[in-house]
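# Architecture at a glance
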Amino acid sequence: MKVSKKVVGVEYAIRDIVLAARKVEQTGMKVDYLNIGDPVQFGFQPPNNVKQALIDAINNGNNFYSSSEGLLELRQEIAKKENAKGLSINADDILITNGVSEGLDMVISSIVEEGDEVLLPGPYYPPYASYVRLHGGVPVEFAVDLNNSIPIIEDIKSKITSKTVAICLISPNNPTGVVFNEKALKDLVDLANEHNLYIICDEIYDQIVFDEKFVGIGKVAGDSPVIVLNGFSKVHLMSGWRIGYIAFNQSPQLVELREHLPKLARVRIATSLPVQYAALESLRGPQEYIGNFVSEMKKHRDLVVKRLNEMPGLSCSNPKGAFYAFPKIEDNKFGTDKEFVTKLLEQKGVLTVHGSGFGEQYGSGHFRLVYLPNLEILNSAMNKIEEFVSNSKQ
């Protein structure tokens with residue numbers, strides 16, 4: 001039977017690699033899972049008031065379809081949050097989605113047609129390229145200076161063509177932890193405006209930053225056609241509840257998109273109403289747990305980066321945000337980055353993700369690991385990686 005050529009090009013390296021780990025576990029070897037950026041799987045839970053809000057919503061009978069746009073009170077709180085970061089929007093500029101992934105799919109399917117090109121920061125979060133391909137487009141990677149956390153503007157300029165429709169940003173970035181500063185964001189917005197391009201900015205890790213204050217794209221957006229993607233999976237520790245949102249800047253260039261994109265929200269009906277009440281409480285309730293989580297992540301980041309840079313054949317830039325490290329494999333004795341990850345898994349039981357899964361051009365020769373596990377597990381995993389790279393017979 002026929003299978004669409006579009007779906008054949010869909011990949012998600014972060015979860016695809018788990019199949020190999022299961023085979024290793026069948027041999028009796030314990031596997032350290034450092035592949036998925038899910039805080040909840042590593043012991044970080046939403047606070048009790050947020051859990052209780054979900055339970056209360058269910059017990060109070062809020063188990064029906066919400067409006068397709070989402071709960072009004074939640075959209076109002078999200079607008080407050082985004083305005084505090086620099087946008088100037090209201091509840092009508094927000095659309096609640098089933099995670100950022102659904103929001104991304106809605107946006108890409110609304111702006112990409114066959115042959116259109118979308119610029120992605122290299123390396124990038126895999127669903128960006130997959131959704132672009134799924135809707136007939138072509139993902140194009142642009143260069144980012146990982147050590148200085150800035151996009152290479154001249155490289156982006158060289159890759160803009162008559163087919164380019166959008167520039168995507170992910171800040172803080174997955175997989176590199178890069179956080180763009182205000183000047184970098186302004187340069188990207190100016191470039192997009194010069195070429196009449198949409199700007200899609202994913203800020204899902206916006207409060208997980210370590211060394212300097214996060215700057216949202218709203219601060220430099222003006223009336224540009226900026227679309228912000230965000231959600232509650234990472235900062236608010238609600239990954240399994242699947243809730244995110246699209247925030248549209250009040251730009252005249254977004255009028256037509258804002259007329260048609262909500263049709264997709266109506267087609268999929270709604271986002272879980274009890275979860276929306278939990279998300280509302282996560283914004284209105286105490287926020288101390290976020291600072292505690294970030295402080296803990298900084299300790300993990302510092303440990304992992306220090307250990308990786310001490311290992312022969314590896315080097316690692318310092319992530320400014322999120323909870324990922326993206327080491328470079330300097331020694332070619334290991335083969336490709338995918339071979340490195342496979343051998344590390346099979347020999348030491350440490351599961352990471354090959355860098356080429358985040359884009360061939362700028363991800364190859366790297367691997368990604370999450371530093372969410374507790375310090376004891378991280379130290380143990382670092383020991384295993386060090387043993388692996390120190391072995392000259394690969």
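Residues numbered from 1 in each chain as written. Predicted model: local features only at pLDDT ≥ 70, side-chain atom pairs only at ≥ 80, totals over all residues. Heavy atoms only, no water.

The next point concerns the pairing of strand β4 (residues 138-145). Each regular strand carries side chains that alternate between the two faces of the sheet. As paired elements, strand β3 (residues 117-122) and β4 share six bridges and run parallel to each other. Across the sheet, residue E117 finds its bridge partner in β4, namely V138. For the crossover that starts at β3, traverses helix α7 (residues 126-134) and ends in the parallel β4, the hand is right-handed. Bridge count between β4 and strand β5 (residues 150-151): two bridges; the pairing is antiparallel. Paired with D145 across the bridge in β5 is I150. Hairpin remark: β4 followed by β5, antiparallel, with four residues in the connecting loop; positive phi at S149, about 55°. (Pairing = 2+ DSSP bridges. Helix = DSSP H or I, 4+ residues; strand = E, 2+ residues; numbered from the N terminus. Right-handed = clockwise from strand over helix to strand, strands pointing away.)

Let us look at the pairing of β3. The buried count for β3 comes to six of six residues, which makes it a mostly enclosed element. In this structure, β3 lies alongside strand β6 (residues 164-170), joined through three bridges in parallel fashion. Paired with V118 across the bridge in β6 is A166. (Buried < 20%, exposed > 50% of the residue type's maximum accessible area, 1.4 Å probe, protein only.)

In terms of domain boundaries, the protein chain breaks down into domain 1 (5-45 + 288-388) and domain 2 (48-284). Distance between the C-alpha centres of domain 1 and domain 2: 25 Å. Between domain 1 and domain 2, the contact holds 39 residues from the first and 40 residues from the second. One salt bridge in this structure joins R301 and D211, with 3.0 Å as the shortest N-O distance. The interface formed by domain 1 and domain 2 contains 16 residue pairs in polar contact (both at pLDDT 80 or more). Those elements that provide at least two residues to the side of domain 1 that touches domain 2 are α1 (5-8), α14 (288-309), β11 (324-325) and α16 (360-363). Element by element, the count of residues in the side of domain 1 that touches domain 2 is highest for α14, at seven residues. Along the lines of polarity and charge, the residues of the side of domain 1 that touches domain 2 split into 21 nonpolar, ten polar and eight charged. (Domains from an automatic or database assignment. Contact = heavy atoms within 4.5 Å. Salt bridge = Lys/Arg side-chain N within 4 Å of Asp/Glu carboxyl O. Polar contact = N/O pair within 3.5 Å; in protein donor to acceptor, adjacent residues only side chain to side chain. Nonpolar A, V, L, I, M, F, W, Y, C, P; charged D, E, K, R; others polar.)

If you trace the three strands from one edge of the open sheet to the other, you get β11-β15-β14, paired in antiparallel fashion. Of all the strands in the sheet, just β11 and β14 (353-354) have a single pairing partner and so form its edges. Bridge count for β14 against strand β15 (residues 367-370) is two bridges, and the pairing is antiparallel. Following the sheet pairing, H354 is matched in β15 by F367.

Before going further, it helps to examine the environment of F326. With respect to the element layout, F326 can be found in the loop between β11 and β12 (328-329). Look at F326 and you get buried, because its relative accessible area is 2%. In the structure, F326 is positioned 21 residues away from V305 in sequence and 9.3 Å away in space, judged by C-alpha atoms.

Before going further, it helps to examine unusual backbone geometry. Residues G122 and P123 are joined by a peptide bond in cis, for which omega reads -5°. Here the residue pair S171 and P172 is connected by a cis peptide bond, since its omega of -5° sits within 30 degrees of zero. Its location among the elements puts P172 in the loop between β6 and α9 (182-194). Unlike most non-glycine residues, L237 shows phi in positive territory, near 60°. With respect to the helices, strands and loops of the structure, L237 is situated in the loop between β8 (226-231) and β9 (244-248). The phi angle at I269 is positive, at roughly 80°, despite the residue not being glycine. Looking at where I269 falls in the secondary structure, it is placed in the loop between α12 (262-267) and α13 (273-284). Given a relative accessible area of 36%, I269 falls into the partly exposed group.

It is at 10 Å that the axes of helix α6 (residues 99-111) and α7 come closest, and there the two elements cross at 35°. The interaxial crossing formed by α6 with α7 has right-handed handedness. In this structure, α6 contributes S101, L104, D105 and I108 to the contact, and α7 contributes P127, Y128, Y131 and V132. Class assignment for the residues of the contact of α6 with α7 results in six nonpolar, one polar and one charged. (Axes fitted to C-alpha atoms, helices over the stretch in contact; angles between N-to-C directions. Left-handed = near helix turned anticlockwise from the far one by under 90°.)

Below, the discussion takes up α9. Compared with the 18 Å implied by 1.5 Å per residue over 13 residues, the 18 Å span of α9 between its first and last C-alpha is a close match. For α9, the set of buried residues is A184, L185, L188, V189, L191 and A192. Looking down the long axis of α9, one finds its buried residues gathered within 165° of arc, a one-sided arrangement. Turned more than 90 degrees off the buried face of α9, the exposed positions are K183 and E194. Those residues of α9 hidden inside the fold are in contact with β5, α8 (153-159), β6, β7 (198-202) and α10 (218-221). At the N-terminal end of α9, a side-chain oxygen is found 3.2 Å from the backbone nitrogen of K183, two or three residues along, and the residue is N181. Phi turns positive, to about 60°, at N196, one or two residues after α9. (Expected span 1.5 Å × (residues − 1). Arc of directions from axis to C-beta.)

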